[in-house]
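Chain residues, written in single-letter form:
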Amino acid sequence: MANWSEVDTYAKSWVKEAGENIRKSFSKKLTIMTKSNANDLVTDIDQGTEQFFIKKIKEKFPEHRIMGEEGFGDKLSNLDGVVWIIDPIDGTMNFVHQQRNFAISIGIYENGEGKIGLIYDVVHDELYHCKKGHGVYMNDLKLPPLKETEVSKAIIGLNATWVTENKRIDPSLLAPLVKEARGTRSYGSAAIEMAYIASNRVDAYITLRLAPWDFAAGVIMIEELGGVVTTLKGEKLNFLENNSVLVSKPGLHKEIMKEYLNNGNW
Ligand code: 2AM
Ligand code: CA
């Protein structure tokens, strides 16, 4: 059994240290590269930050395994044992273009069960953190459980991509939701969107393609606060592949699934 208090203390101190290094990088020249396509960006800072975490984890917890977006971790085909799921910079496009609206996201799992979630909004110095069963905090502030709400009173995180022609969903499906919701927002970082639901700034978040490192930390926090996370078909997320994702306050999740997503039968 891992000593979760010890893991939590180290994880938080490494996240803060990595954040400090990222803030310092703002005054230096970035090296920007592309991955799968011209808009899929990665920088030397994404890579250096992931390598920083891997070095620290391997030194202190050599038996733990690591799944990292930039590929410096282990190749995993299961979630056995303790697994750190790391996105060194979630929202790289924002990091490059805006120097804000990005986060370090780390979810720590034991045999597939969420134990520790950390989302660090580096620029605002807001660390959202959760040790399973001990509540969710934004820095020192304990966040209250999520309350039920309805679409007509909700702000929904949704990228315009999904209501225009795209590869994954009929764009007309979500248009009524955009119309009925109080408002929509798109922050461009799944981790930030989930932290904002946890802290009651947004009510739901919908997207058609996320990787495990985009949601691993957020899922732990949202579920701890009584929120619901599934695919857009209403299924459990698969942590070894990409997923569509609906993150929502309770009540609202049921309404979106039933009234707008036809209970996943689309
Ligand atoms: P990233 O910045 O770490 O790549 C909105 O763009 C969100 O979707 C971000 O959290 C982003 O994470 C993620 N994202 C972007 N492209 C993606 C892809 N091809 N597959 C999965 N997630 C992606
Ligand atoms: Ca990333």
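Note that the structure is a prediction, hence the values are computed from the model and not measured.

Caption draft 1: Seen up close, the side chain of Lys115. Within the fold, Lys115 resides in strand S6 (residues 113-121). Non-local contacts of Lys115, meaning those with residues more than four positions away in its chain, are made with Trp4, Ile108, Tyr109, Glu110, Cys130, Lys131, Lys132 and Ile220.

Caption draft 2: Fine view of the sheet that holds strand S9 (residues 141-142). The seven strands lie next to each other as S3-S4-S5-S6-S7-S8-S9, forming an open sheet whose pairing is mixed. Each edge of the open sheet carries a strand with a single partner, namely strand S3 (65-68) and S9. Alignment of strand S8 (residues 136-138) against S9, held across two bridges, turns out to be antiparallel. In the strand pairing of S9, Met138 is matched with Leu141.

Caption draft 3: Region of the structure containing the site of ligand 1. Looking at ligand 1, there are 13 residues lining it, with Asp87, Asp90, Gly91, Arg209 and Asp214 nearest. The backbone of Ile89 places a nitrogen or oxygen atom 3.3 Å from an oxygen atom of ligand 1. Side-chain polar atom of Asp90 to an oxygen atom of ligand 1: 2.7 Å apart, as the coordinates give it. Surface burial for ligand 1 is 73%, taken as the share of its 490 Å² of free accessible area covered by protein chains. Under a 2 Å grid-point criterion requiring more than half of the atoms, the pocket assigned to ligand 1 is the largest pocket. Every element with two or more residues in the shell around ligand 1 is listed here: strand S4 (82-90) and strand S12 (204-210). Looking at the shell around ligand 1 element by element, the count peaks at three residues for S4.

Caption draft 4: Spatial organisation of the pattern of salt bridges. Evaluated as defined, the whole model comprises 15 salt bridges. A salt bridge links Lys153 to Glu150, with the nearest nitrogen and oxygen atoms 3.9 Å apart. Owing to a relative accessible area of 44%, Lys153 belongs among the partly exposed residues under this scheme. Put simply, Lys249 and Asp203 hold a salt bridge, and the shortest N to O gap is 2.7 Å. With Lys249 in the loop between strand S14 (243-248) and helix H7 (252-260) and Asp203 in the loop between helix H5 (190-198) and S12, this pair connects stretches of sequence that are 46 residues apart. Here Lys249 falls in the buried class, since its relative accessible area comes to 5%. Each of Lys35, Glu69 and Glu70 takes part in a single network of salt bridges with overlapping partners.

Caption draft 5: Inspection of the pairing of strand S10 (residues 155-158) at higher detail. When S10 meets strand S11 (residues 183-185), the two strands line up parallel, connected through three bridges. Bridging across to S11, Ile155 finds its partner in Gly183. As paired strands, S10 and S12 are joined by three bridges and run parallel to one another. Paired with Leu158 across the strands is Ile206, a residue of S12.

Caption draft 6: The coordination of the calcium ion (ligand 2), seen in detail. With distances of 2.1 to 3.0 Å, the protein atoms coordinating the calcium ion (ligand 2) are Glu69 (OE), Asp87 (OD), Asp87 (OD) and Ile89 (O). The motif formed by the donor residues of the calcium ion (ligand 2), counted along the single chain, is E-x17-D-x1-I. Residue Glu69 is located in the loop between S3 and S4, and its partner Asp87 is located in strand S4; the two are separated by 18 residues in the primary sequence.

Rules and cut-offs
- Residues numbered from 1 in each chain as written.
- Chains lettered and ligands numbered in written order.
- Predicted model: local features only at pLDDT ≥ 70, side-chain atom pairs only at ≥ 80, totals over all residues.
- Heavy atoms only, no water.
- Helix = DSSP H or I, 4+ residues; strand = E, 2+ residues; numbered from the N terminus.
- Contact = heavy atoms within 4.5 Å.
- Pairing = 2+ DSSP bridges.
- Near = heavy atom within 4 Å.
- Polar contact = N/O pair within 3.5 Å; in protein donor to acceptor, adjacent residues only side chain to side chain.
- Areas by Shrake-Rupley, 256 points an atom, 1.4 Å probe, with all protein chains shown as cover.
- 1 Å grid on protein atoms, 1.4 Å probe; cavity = no way out; pocket = protein on both sides within 12 Å on 5 of 7 lines; lining within 4 Å.
- Sits in = over half its atoms within 2 Å of the grid points.
- Salt bridge = Lys/Arg side-chain N within 4 Å of Asp/Glu carboxyl O.
- Buried < 20%, exposed > 50% of the residue type's maximum accessible area, 1.4 Å probe, protein only.
- Donors = N, O, S within 2.8 Å, 3.2 Å for Na, K, Ca; no water.

Spatial relationships are all this shows, so hold off on functional conclusions.
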